[in-house]
Amino acid sequence: MTYQESLDYLFNALPMYQRIGAAAYKTDLTNTIALCEHLGNPQNKFKSIHVAGTNGKGSTSHSIAAILQEAGYKVGLYTSPHLKSFTERIKINGAEIPEEAVVAFVEKHKSFLEDLMPSFFEMTVGMAFEHFANEKVDFAVIEVGLGGRLDSTNVITPEICVITNIGLDHIQFLGDTLPKIAAEKAGIIKEGVPVVISELQPATLKVFIQKADEKHAPIFFAEEYYNVQFKEVDEEGKAVFIANGAPIKFDLTGKYQQKNLGGILKAIDVLKENGLKISAENISNGLLKTVSLTGLKGRWQKINNQPLTYCDTGHNSEGFEYILKQIEETPHEKLFMVLGMVNDKDISKVLSMMPKDAEYIFCQANIPRALPASDLYEAASKMGLRGEIIPDVNQAIAEVLKKAGKNDFIFVGGSTFVVAEIENL
């Protein structure tokens, strides 16, 4: 098989949540356990760090991986979904899994996969674990796909768990209240394994404490150890945060990273207490170079200077709260919003937050789960938002760039999959 044939097989033969949504979601770990056993339980052959949360888990995973790389460790990184290329999901020290390794995995295990019929995500988790074991990584940072308790990644016994933030997302699977969703995320907490909670939220506090007690797991609320505030973006384009009075430069420039940074720093503290050799210089260099060390994309990423144009993969009300605040605090004249969303989310809360004085261009990603741009336009019109429909995100951006003045601001987002289709990201 060629690489393209292997990808076509994976995308088309196995149910893929990214494309079809709920029909691909599995409500138990049976397939993952069976696949891992078939592979020789590769997840037990390396040390791991498990990261869950509604918002911030991607940024947190990449940042921890970057710091460990700077400290000289060989670091696997498993994240989802991918933006541009399938191989982005599985990296070692920033290098994506080689295409030939993907082909070899499919060819070697194709008959087993056809018997088991795992979801696309379950298969990808198995592939990542096998790759990390074969390459003998020192650590693998494993990002949860959806939820925690029933997520395919939840077959590892990590050195530490990190839970970033709890918001109302994927409520059809995880529950319709913050405590219910927190209970699903808390499902990654293992017997005796330390857990760091990045953001202290009153509604979820008891859930985490109770689960940690049950599992005899030391629990650390990062905000009790780190006071993090955003200061500025410096002339080199790095964000400057103040953590416990000391400046820290971060190349993820979204102000919302102040919610993640305490959790990242506390997780590193716990790893150091457990014997890892990580210096203050490793931490500062890792944070300063997270993007270049790991290849992270789409987190408050600048895609044009004049007019200032940013994209972000934030796609729920909590994510947009911070995005809109950052836009508001960025000097500009007129605001243009290029938006596309998926069809299985309650979009009304996000739309109700959107500024009425912005001009909107409604688009849609090229996946079955995309909400038709015409439906988004109708829903937005009812909320008093005005704009037009240009389904293709790149055409939408091109049209806005013709209209916008050099002091205007353009935002592109609403869905990870819209951001994924931006050219030259």
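The structure displayed is predicted, hence computed values, not measured ones.

Draft legend 1. Molecular detail of the sheet that holds strand S5 (residues 139–143). Ordered by their spatial adjacency, eight strands build an open sheet running S4-S3-S2-S5-S1-S6-S7-S8, and the pairing between neighbours is mixed. Every other strand in the sheet has two partners, leaving strand S4 (95–96) and strand S8 (219–221) as the edge strands with one partner each. The pairing of strand S1 (residues 47–52) with strand S6 (residues 160–163) spans four bridges and is parallel. Note that in S6 the partner of Ala52 across the bridge is Ile163. Contacting strand S2 (75–78), strand S3 (90–92) and S5, helix H6 (residues 120–134) crosses the sheet at an angle of about 15 degrees to S3. The strands touched by helix H9 (residues 202–214) within the sheet are S6, strand S7 (195–197) and S8, with S8 carrying the most contacts at an inclination of about 155 degrees.

Draft legend 2. Fine view of the packing of helix H4 (residues 57–70) against helix H11 (residues 280–288). One can describe the packing of H4 onto H11 by two numbers: an axis separation of 8 Å at closest approach and a directional angle of 130 degrees. Between H4 and H11, the crossing angle belongs to the class labelled oblique. Between H4 and H11 lies a crossing of right-handed hand. Taken together, the residues of H11 that come into contact with H4 (itself represented by Ser63, Ala66, Ile67 and Glu70) are Asn282, Ile283, Asn285, Gly286 and Leu287.

Draft legend 3. Here's a closer look at helix H3 (residues 30–38). Residues Asn31, Thr32, Leu35 and Cys36 constitute the buried set of H3. Projected down its long axis, H3 carries its buried residues within an arc of 130 degrees, all on one side. Across H3 from its buried face, at more than 90 degrees, point the exposed residues Thr30 and Glu37. Against the buried residues of H3 lie helix H5 (99–116) and H6.

Draft legend 4. Just the nonpolar core, in detail. Counting residues in hydrophobic clusters, the biggest one holds 37 residues, and the most contacted among them are Ile49, Ile64, Leu68, Val141, Leu261 and Leu287. Beyond its immediate stretch of four places on either side in the chain, Leu287 contacts Ser63, Ile67, Ile248, Lys249, Phe250, Asp251, Leu261, Ile264 and Leu265. In terms of nonpolar packing, the next biggest core, distinct from the first, is built from 35 residues, Leu39, Phe86, Phe105 and Val155 among them.

Draft legend 5. Looking closely at the sheet that holds strand S14 (residues 335–339). Sheet architecture is open: six strands sit in the order S12-S13-S17-S14-S15-S16, paired in mixed fashion. On the outer flanks of this sheet lie strand S12 (301–304) and strand S16 (386–389), each paired with one strand and no other. When strand polarity is set aside, the average angle formed by the axes of neighbouring strands in this sheet is 25 degrees. Both strand S13 (residues 308–312) and strand S17 (residues 409–413) contribute to a ladder of five bridges, which runs parallel. Counted as the bridge partner of Tyr310 is Phe411 from S17. Against the sheet, helix H15 (residues 373–382) makes contact with S14, strand S15 (359–362) and S16, and its axis sits at roughly 170 degrees relative to S16, the strand it touches most. Sitting on the sheet, helix H16 (residues 393–403) touches S12, S13, S14, S15, S16 and S17, and the angle it makes with S14 is about 170 degrees.

Draft legend 6. Structural view of the pattern of salt bridges. As enumerated under the stated definition, the model contains 13 salt bridges in all. Measuring nitrogen to oxygen at the nearest pair gives 4.0 Å for the salt bridge that ties Asp251 to Lys238. Note that Asp251 is positioned in the loop between strand S11 (246–250) and helix H10 (257–273) and Lys238 in the loop between strand S9 (228–233) and strand S10 (239–243), a separation of 13 residues in sequence. Of the charged contacts, one joins Lys403 and Glu359 as a salt bridge, the two residues approaching to 2.7 Å between their closest N and O atoms. Here Lys403, found in helix H16, pairs with Glu359, found in strand S15; they are 44 residues apart in sequence, far enough to count as distant. What emerges from the salt-bridge pattern is a single network uniting Lys334, Glu359, Glu388 and Lys403.

Draft legend 7. Examining H5 more closely. Along its length, H5 shows its largest kink, about 65 degrees, at His109. Within the span of H5, buried status applies to Val102, Val103, Phe105, Val106, His109, Leu113 and Leu116. One or two residues past the end of H5 sits Met117, with phi positive at roughly 50 degrees.

Draft legend 8. How the structure looks around the state of the cysteines. Within the structure shown, the criterion is met by zero disulfides. Of all cysteine sulfurs, the one in Cys161 lies closest to Cys36, which takes part in no disulfide; the gap is 16 Å. The cysteine Cys311 is free of any disulfide, with Cys363 supplying the nearest cysteine sulfur at 12 Å.

About the cut-offs
Residues numbered from 1 in each chain as written. Predicted model: local features only at pLDDT ≥ 70, side-chain atom pairs only at ≥ 80, totals over all residues. Heavy atoms only, no water. Pairing = 2+ DSSP bridges. Helix = DSSP H or I, 4+ residues; strand = E, 2+ residues; numbered from the N terminus. Contact = heavy atoms within 4.5 Å. Axes fitted to C-alpha atoms, helices over the stretch in contact; angles between N-to-C directions. Parallel < 35°, antiparallel > 145°, perpendicular 65-115°, else oblique. Left-handed = near helix turned anticlockwise from the far one by under 90°. Buried < 20%, exposed > 50% of the residue type's maximum accessible area, 1.4 Å probe, protein only. Arc of directions from axis to C-beta. Core = buried A, V, L, I, M, F, W, Y, C linked by side-chain atoms within 4.5 Å. Salt bridge = Lys/Arg side-chain N within 4 Å of Asp/Glu carboxyl O. Bend = angle between axes of the 7 residues up to and from the residue. Disulfide = S-S within 2.5 Å.

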